[in-house]
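Now for the letters of each chain:
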Amino acid sequence: MKKLEELFLQLGLDKNNGLFITKEDLWKKEVAFPNRVKRLIERKIEPDAFFCFDNKPMILFFNNCENKEEIHKAIWNFNECPIAIFVENGAVEVFNGFNYLKETELLEKLGGVEKLSDFTYFELVTGNTWEQYQQQLNYKNRVDFHLLKNIISARKLLVEQDEKKAKIANAIIGKIIFVRYLIDREVKMRFDGRLRKWTNSEFCDLLNYPKKVQQFFDYLEDKENGFNGDLFPLSIEEYRQITKEDYQVLRRLLQGEDIEKNQSSLFDFYDFSIIPIEFISNVYELFIGQENQKKEGAYYTPLFLVDYILKETVEKKLNQKGSDYNCKVLDPACGSGIFLVETLRKIIEKYIIETGIDPKEEKGKFKKDIKILAKENIYGIDKDLSAVQVAVFSIYLTLLDYLEPAAIEDAFKFPNLLNTNFFEADFFDKSLPYNKALENIEFDFILGNPPWNRGKGEKEKPLYIKYIDERRREENKKDIPQIEIGNKEIAQAFLLRSSDFSKNKTKAALIVTSKVLYNLQGSSFRNYFLNQFFIERVFELAPVRREVFDKSNDKATAPACVLFFSYANGTNTDNNLIEHIALKPSRFFSLFKIFTINRTDFKTIQQNKLKEFDWLWKVLVYGSYLDFNFIKRLYADLKTVQSIIAQNEILFKQGVKRKDGARKILVGELVGRRFLDTQKKELQPFNIIDSDKKWDSKYVGYVYKEDNKPFLELFKPYSLLITGGISKDLTSKAAINHDERIFTSSVRALKIKNKAELPVLYSINTILCSSLFSYYMLNMGASAAIEREESEDEEIEKMWYFEIPDAVRRGKEIERYQLKRNSLKTEVTDEKPIKKLCDALIFNALELTNVESSLINYSNDVMIPIAMRHQGFELLFHPISFKATTLQTYAELFIERFKSKLNSKDKKFVVEIWHTNQVVGMFFKMIPAKEYSEPMKWISKQNNAAFLTFLFKLGEEKITDRLFVQKDIRGFDNNGNDFYLIKPNEKRLWHEAIGHLDVNEFADAILKSVNKTK
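Residues numbered from 1 in each chain as written. Predicted model: local features only at pLDDT ≥ 70, side-chain atom pairs only at ≥ 80, totals over all residues. Heavy atoms only, no water.

Q: Is there a simple way to think about a positive patch on the surface in this case?
A: Together, K755, K812, R816 and K820 give the surface a local cluster of positive charge. The topology assignment puts K820 in helix α33 (residues 807–821). Accessibility expressed as a relative area gives 75% for K820, which makes it exposed. (Patch = residues over 30% accessible without salt bridge, like charges linked within 9 Å, V, L, I, M, F, W, Y side chains within 5 Å. Areas by Shrake-Rupley, 256 points an atom, 1.4 Å probe, with all protein chains shown as cover. Salt bridge = Lys/Arg side-chain N within 4 Å of Asp/Glu carboxyl O. Lys, Arg positive; Asp, Glu negative; His and termini not counted. Charge placed at Lys NZ, Arg CZ, Asp CG, Glu CD. Helix = DSSP H or I, 4+ residues; strand = E, 2+ residues; numbered from the N terminus. Buried < 20%, exposed > 50% of the residue type's maximum accessible area, 1.4 Å probe, protein only.)

The following block contains the structure:
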């Protein structure tokens, strides 16, 4: 260990900042790893030490290990740790834990001692290491990607376009994975008359004989000699449908052949005794999900989200003082059972701690008790039989994972779970037996990831819609707001149906599409939900939607959020406090799903505020209470576009729809007229680029009519044309129509009656193309920076309106400027110059305060570029230079706020700015007047180790996590007068708008402190 200790010193790692020595049992108590990770580190990987950051193992250390090749294989199968460092005979080697090379049968080597500077403490926790090695740590090298890819290829051959064989294919793959698991666990089997271990090659040979394979599976499922249970049951008729060619596909899979490329793969190097059961379950969910995603809106559940939800629910309950090891959990759309598998792990771990039982010593009692724990605590429902079978299979594997091979061999029988704990059923079918079976169970939690689809195009009304209709009829008899769901979204129905299985103490946490919180059509649902349920927490993932489901079957970036809630059962919910967390992009999340939560991302809101201001849901994602106050002020002081439309009798309509169901409307009079083709981006800010294209269709699905005739006036001047889609900077594409043009429903027109109203159109045009509209869409738009870049008609109508002085002349100047830049031969214009021209007119007319201006600037300069991944947005994560204006402005906000209140004849208020490339600290203090020379003092402290030592002296717990995960350390010194603010050196964290929030928070804290002393 001496060499390792020297290495730790060189890297700046110690027991205070995340280093753990494995032989010291203290790590088991201090590190909140998921149970599967803790067990594998302790029993399979066994490093000499590891470095942990935010409860995730980042580096494993090994000293002179004897079985190097086996350790490398185990680390890759572990699939949790990116870096492994081996010290052997004094030499140091650094390896990529996510990339296994079959040619060398070792992990990919990243380098030797010369690379250690890349893995020092500050390089690790600031993210520089992971940015440098991002390409090598690509998920396509990881065990989960390879395993999934190969299994899906095998399944594709088994199904061969015949979806009737899908259930059989799922079952037979599940059976061979189970056998491979037993082989890798070295569990003895008595299939051929003697109890012995099997090898993978022996089982591959058996696959040449279909009848023997069926007999082998029958043996495994036999009630007397095998495992019993519901292990992917297949009938004799179903077995007959499995051909010899199918068995050869399975043989190729187990032999390590890359089925898609017809060459050798890494399958031979998989170790199913190490690959977490939760992951095997999740792999299954992915390829089952391929069938269900389009049909049912079912999305696979990322493992990191399961860990987060269980940490906030099941784990908290089990860790409560006086709590036993039982925790009853229902997953109403269980899929492959990923939530229930990890729940069972936590229950078994708690049972072992609580009872003090040694599974090796008391294996008979232990085997019996863990089956009882599963039977009495784990419940799941799903419409898909294959999913239910996988869930049961996953629970079985979890039970086996806690048993030694000898205990498994000693007549271990699986509990029967099908139709007692797990049900193939529709969650909304109240007539099925599972309702009776579950009605008297007091669930602690209802957890899961229900489908997200909408009820579109069904010939028959879906069950969940019928359920809502029936519940509406029942509740109409009571004094309850009318139950509603918007857009027929099934996720909303799941949230409401959970109340039928909720008792007094039941809490729920469901992953749903974020759209339920913002859709304009969902306001009635939200009103009902807010009145009938207590919302404990909203964990919003829409800003990182591209990374959450990065390995989903669906290429769309579906936004997700987690709602933690409970049924109010008639209790008033107004005063309930809701925690709202909006996760933002970071390199830690992209690579390792480590949550980095800025202070401004965490908010507390009273539930009745959301009842009063439905638009506040979106402000909570990207804004702050300052934005809330600003938006309220704008609505109080300004008109809206909607009020101007009504006042001036302006027509606001969409263009023609080419198709609208089966309807066909004759519009022969439109044929041959000039056509505005938005697909060719002919509509630009303040400019329409005409082509020679003419309208050529005699029939349409929809066209605005007057006197039962197509209203041609809509297409004539003068009108403001606005596209439904918006730009990546969240401005609108809008221009005045000076000529006659036909356009489709992708364009909305504000049509005036006479030319005298042109100032109104030009004012609206300027507003829609400005930073103010970008700010509005970020904080108010239902889809913008949530799912897709578009604006709704209602959002245009609710936009603030004010008349811009000399709007027509100034608007025409912008038109001429834009016309010079645009032609059909050139690329689409860069819209930023137009936006700046509009801003100059907007902000002169609005007379904004400094705070309000900073809020708009922060949205446009920081939040929108990050949320929309603008080119170069990464620069916002880069450090600020010493004595930069940004930091000076930040510090001046504090000086201006406090100097008049704190300065006296004897004392002066000053700030010391400590600067490093990784961290910036601002220390605000009162000094004797005779020592005062200037209000701001700059100190360059590039010695990071010294800075970190100072931070530890502040007495802060988990200093690393607070600084580099929560992005913030703040507080008062011992005398209570001086205070400090320390953050990572990233441009986005030191913007003036954040400064206003920080100043207000310290001012409030000082005021409270003063009031306490009175």
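Q: What am I meant to see in the pairing of strand β28 (residues 747–751) here?
A: Burial analysis of β28 places 5 of its 5 residues in the buried class, the great majority of the element. What you see with β28 is no split at all: V747, A749 and K751 on one side and R748 and L750 on the other are buried throughout. The pairing of strand β26 (residues 719–726) with β28 spans 5 bridges and is antiparallel. Paired with L720 across the strands is L750, a residue of β28. (Pairing = 2+ DSSP bridges.)

Q: Teacher, can you tell me more about the sheet that holds strand β19 (residues 651–654) here?
A: Through backbone hydrogen bonds, the strands of a sheet pair up, either in parallel or in antiparallel fashion. One open sheet holds the 4 strands; their spatial order is β19-β28-β26-β27, and the pairing between them is antiparallel. Since the sheet does not close on itself, it has two edges, and those belong to β19 and β27 (732–737), each with one partner. If you compare each strand with its neighbour and ignore which way they point, the axes differ by 20° on average. Where helix α30 (residues 758–768) meets the sheet, its contacts fall on β26, β27 and β28, and the angle it forms with β27 comes to roughly 160°. (Axes fitted to C-alpha atoms, helices over the stretch in contact; angles between N-to-C directions. Contact = heavy atoms within 4.5 Å.)

Q: Would you mind showing me how to read the packing of aromatic side chains here?
A: Aromatic ring pairs are defined here through the distance separating the ring centres and the angle between the ring planes. As enumerated under the stated definition, the model contains 81 aromatic pairs in all. When the centroid spacing of 5.6 Å and the interplanar angle of 70° are considered together, the rings of F427 and F428 count as edge-to-face. For F428, a relative accessible area of 4% translates into the label buried. Taken together, a centroid distance of 6.4 Å and an interplanar angle of 40° make the contact between W615 and Y635 tilted. Within this pair, whereas W615 is found in the loop between α26 (607–612) and α27 (616–622), its partner Y635 is found in helix α28 (residues 625–637), the two being separated by 20 residues in sequence. With a relative accessible area of 26%, Y635 lands in the partly exposed category. Across from the ring centre of F98, 3.9 Å away, lies the NZ or CZ of R142, which sits over that ring. (Phe/Tyr/Trp six-rings, centres within 6.5 Å; stacked < 30°, edge-to-face > 60°. Lys NZ or Arg CZ within 6 Å of the ring centre and 35° of its normal.)

Q: Explain the confidence of the model for the chain to me, please; I cannot follow it from the model alone.
A: For any part of a model where pLDDT is low, the fine detail of the predicted coordinates should not be relied upon. Averaged over all residues, the pLDDT of the chain is 88; the fraction at 70 or higher stands at 92%. Overall, residues 824–829 carries pLDDT values under 50, and its contacts beyond four positions in sequence, including any with other chains, amount to 11 contacts. (pLDDT = per-residue confidence, 0-100.)

Q: How should I be thinking about the packing of helix α8 (residues 166–184) against helix α12 (residues 244–254) in this particular structure?
A: The contact between α8 and α12 brings their axes to 11 Å, and the two run at 35°. Crossing of α8 over α12 shows right-handed handedness. Only Y247, L250, L253 and L254 of α12 make contact with α8, whose side of the interface consists of I172, I173, I176 and R180. Of the residues assigned to the contact of α8 with α12, the class counts are 7 nonpolar, no polar and 1 charged. (Left-handed = near helix turned anticlockwise from the far one by under 90°. Nonpolar A, V, L, I, M, F, W, Y, C, P; charged D, E, K, R; others polar.)

Q: Please clarify how the pattern of salt bridges should be interpreted in this entry.
A: Note that side chains of opposite charge can pair when their charged atoms are close. Applying the stated criterion across every chain yields a total of 66 salt bridges. A salt bridge links K584 to D601; the shortest N-O distance between them is 2.8 Å. With K584 in the loop between β16 (577–582) and α25 (587–592) and D601 in the loop between α25 and β17 (602–606), the pair connects residues that are 17 residues apart, well separated along the chain. Side by side, K584 and D601 carry an identical accessibility label, which is buried. One salt-bridge network, in which partners are shared between bridges, spans R36, K56, E80, D307, E342, R345 and D401.

Q: I'm lost on the environment of T744 in this one. Help?
A: Counting through the fold element by element, T744 comes out in the loop between β27 and β28. Owing to a relative accessible area of 13%, T744 belongs among the buried residues under this scheme. Taking the C-alpha atoms as reference points, T744 and V700, 44 residues apart in sequence, are found 9.9 Å from one another. Residue contacts for T744: discarding those within four places in its chain leaves G655, V656, R658, F675 and W695. Separated by 3.0 Å, the side chains of T744 and S746 make a polar contact. (Polar contact = N/O pair within 3.5 Å; in protein donor to acceptor, adjacent residues only side chain to side chain.)

Q: What is the right way to read the packing of α28 against helix α31 (residues 771–780) from this model?
A: How two helices sit against one another is set out by the angle between their axes and by the gap between those axes. With their axes 12 Å apart at the nearest point, α28 and α31 run at an angle of 115° to one another. In terms of crossing hand, the pair formed by α28 and α31 is left-handed. Contact with α28, carried on its side by D627, F630, I631 and Y635, involves Y775, Y776, N779 and M780 of α31 and no other residues of that element. The class makeup of the residues in the contact of α28 with α31 is 6 nonpolar, 1 polar and 1 charged.

Q: Just to check I follow, could you spell out unusual backbone geometry for this structure?
A: When glycine is set aside, most residues are seen to have a negative phi, and most peptide bonds are trans. Residue P717 is joined to Y718 through a cis peptide bond whose omega torsion reads 0°. With respect to the helices, strands and loops of the structure, Y718 is situated in the loop between β25 (709–710) and β26. A positive phi is found at D54, a non-glycine position, where the angle reads about 50°. Inspection of the secondary structure assignment puts D54 in the loop between β2 (49–53) and β3 (56–63). The phi dihedral of N55 falls on the positive side, at around 60°, and the residue is not glycine. Position of N55 among the secondary structure elements: in the loop between β2 and β3.

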